[in-house]
Amino acid sequence: MKRVYNFSAGPSVLPVEVLETARDEILNWHGSGMSVMEMSHRSKWFEEIISKAEEDLRDLMDIPSNYKVLFLQGGASTQFAMVPMNLMRKGKADFVNTGAWSKKAISEARKYGKVNIVASSEEAKFTYIPDLDPETFSADADYFYITTNNTIYGTRFTKLPETGNVPLVADMSSNILSEVYDVTRFGLIFAGAQKNMGPAGVTVVIIREDLINDTHLEVPTLLQYKVHAENRSLYNTPPCYNIYICGLVFEWLKKLGGVPAMQKINEEKARILYDFLDNSSMFKGTVAKKDRSLMNVPFVTGDKELDARFIKEAEEKGFVNLKGHRSVGGMRASIYNAMPVEGVKALVEFMKEFELGNK
Ligand SMILES: *Cc1c(COP(=O)(O)O)cnc(C)c1O
């Protein structure tokens, strides 16, 4: 059986060990005589699966007991609306505009209150993370919103803003569990699973308890954090199978040594690729060095035809999904947690060969 090196930005590569366990357990989970897909979400078996997944995520991220962990549906995009629906109480929020996902979050938030754009890198096509001046932050904001890693452009915040008493809200979809974060710095973290945790269809929300409040009556029941928190993500049928796979990914990550060990590996992978880009006469990275993402690495040759040939030849060699986002062009290698170091090394070897052969 041939597996490719999959550099997809999402849904993306999963650890082989996780897929093998899922395969082995698909007909009969732990002697239950059935697949996790066939189980009642109220069964003792699923209770065990969701509790273990939550416990392992809490361990991995060192989530304090005054934070709730929710497993929701609707993708990260639903959080763009759910955050303001639940947190916009006084009616104002600060945002840093660092890319397409921030922009979508901003446009949803504008439906529920006043949005103050503290800083933006849009004028430079989001190729850097803007410097932040706390003087420009709104002291009376309900929350302060950032996208920790910008999947499309390949930038990340290397320093979190100092927001004082204003809760920091983060879209961590494409870098959750890839590097160590101090959860206590945040009021709310959310992440769609399909980049670094599991299959598309479940979204993790980590929310500080004091931010879980009654919402306006018109907020749909399923869009209230309070309802999900009070029902431990089991108000209605959760995405059971996806939660199970995320749980296997969490176990895999714990065995590997947790997030600090994963971060080291991710830094090593990123270093191999960026070092090559910095020394190549054909390939160039596209963003400010200081803000480079550990997860998504966009690069170009400067020649669209050459880019297209590279992507085609790479695919023939088993390096797939390297085409850049349609808004950036060129190439993008997403090197999430489950991409092994060997995958990045093999890609760099192929890039060297391609460069030599196309001088
Ligand atoms: C992929 C992504 C999203 C969108 O996720 P969906 O699950 O498709 O809604 C939002 N934010 C970031 C940073 C992403 O990478």
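The rules we used
Residues numbered from 1 in each chain as written. Predicted model: local features only at pLDDT ≥ 70, side-chain atom pairs only at ≥ 80, totals over all residues. Heavy atoms only, no water. 1 Å grid on protein atoms, 1.4 Å probe; cavity = no way out; pocket = protein on both sides within 12 Å on 5 of 7 lines; lining within 4 Å. Points joined across faces, edges and corners; volume = space filled by probe spheres on them. Nonpolar A, V, L, I, M, F, W, Y, C, P; charged D, E, K, R; others polar. Domains from an automatic or database assignment. Axes fitted to C-alpha atoms, helices over the stretch in contact; angles between N-to-C directions. Helix = DSSP H or I, 4+ residues; strand = E, 2+ residues; numbered from the N terminus. Parallel < 35°, antiparallel > 145°, perpendicular 65-115°, else oblique. Contact = heavy atoms within 4.5 Å. Patch = residues over 30% accessible without salt bridge, like charges linked within 9 Å, V, L, I, M, F, W, Y side chains within 5 Å. Areas by Shrake-Rupley, 256 points an atom, 1.4 Å probe, with all protein chains shown as cover. Salt bridge = Lys/Arg side-chain N within 4 Å of Asp/Glu carboxyl O. Buried < 20%, exposed > 50% of the residue type's maximum accessible area, 1.4 Å probe, protein only. Pairing = 2+ DSSP bridges.

Section: empty space enclosed by the protein
Next, step 1: Counted according to the given criterion, the structure contains 3 cavities of 30 Å³ or more.
Next, step 2: A volume near 40 Å³ is recorded for the largest cavity.
Next, step 3: The wall of the largest cavity is formed by Val13, Leu14, Pro15, Lys195, Asn196, Met197, Val249, Trp252, Tyr336, Asn337 and Ala338.
Next, step 4: Of the residues assigned to the lining of the largest cavity, the class counts are 8 nonpolar, 2 polar and 1 charged.
Next, step 5: For the lining of the largest cavity, the domains that each give at least three residues are domain 1 (17-255) and domain 2 (257-357).

Observations regarding the packing of helix H6 (residues 240-256) against helix H7 (residues 258-279)
Pairs of packed helices are described in terms of their axes, by the angle between the two and the distance that separates them.
Next, step 1: The geometry of H6 relative to H7 is characterised by a closest axis approach of 7 Å and an angle of 80 degrees between their N-to-C directions. Of the possible angle classes, the one that applies to H6 and H7 is roughly perpendicular. Only Gly258, Ala261, Met262 and Ile265 of H7 make contact with H6, whose side of the interface consists of Trp252, Leu253, Lys254 and Leu256.
Next, step 2: Its residues assigned to classes, the contact of H6 with H7 comprises 6 nonpolar, 1 polar and 1 charged.

Regarding a nonpolar patch on the surface
Next, step 1: A cluster of nonpolar side chains, namely Ile26, Leu27 and Met37, defines an oily patch on the protein surface of about 330 Å² accessible area.
Next, step 2: With respect to the helices, strands and loops of the structure, Met37 is situated in the loop between helix H1 (16-24) and helix H2 (44-61).

Overview of the pairing of strand E9 (residues 188-192)
Next, step 1: In terms of burial, E9 is a largely internal element, 5 of the 5 residues being buried.
Next, step 2: Neither face of E9 is exposed, since Leu188, Phe190 and Gly192 on one face and Ile189 and Ala191 on the opposite face are all buried.
Next, step 3: Looking at chain direction, strand E8 (residues 168-171) and E9 are connected through 3 bridges and run parallel. Bridging across to E9, Val169 finds its partner in Leu188.
Next, step 4: With 5 bridges connecting them, E9 and strand E10 (residues 203-208) associate as antiparallel partners. Counted as the bridge partner of Gly192 is Thr203 from E10.

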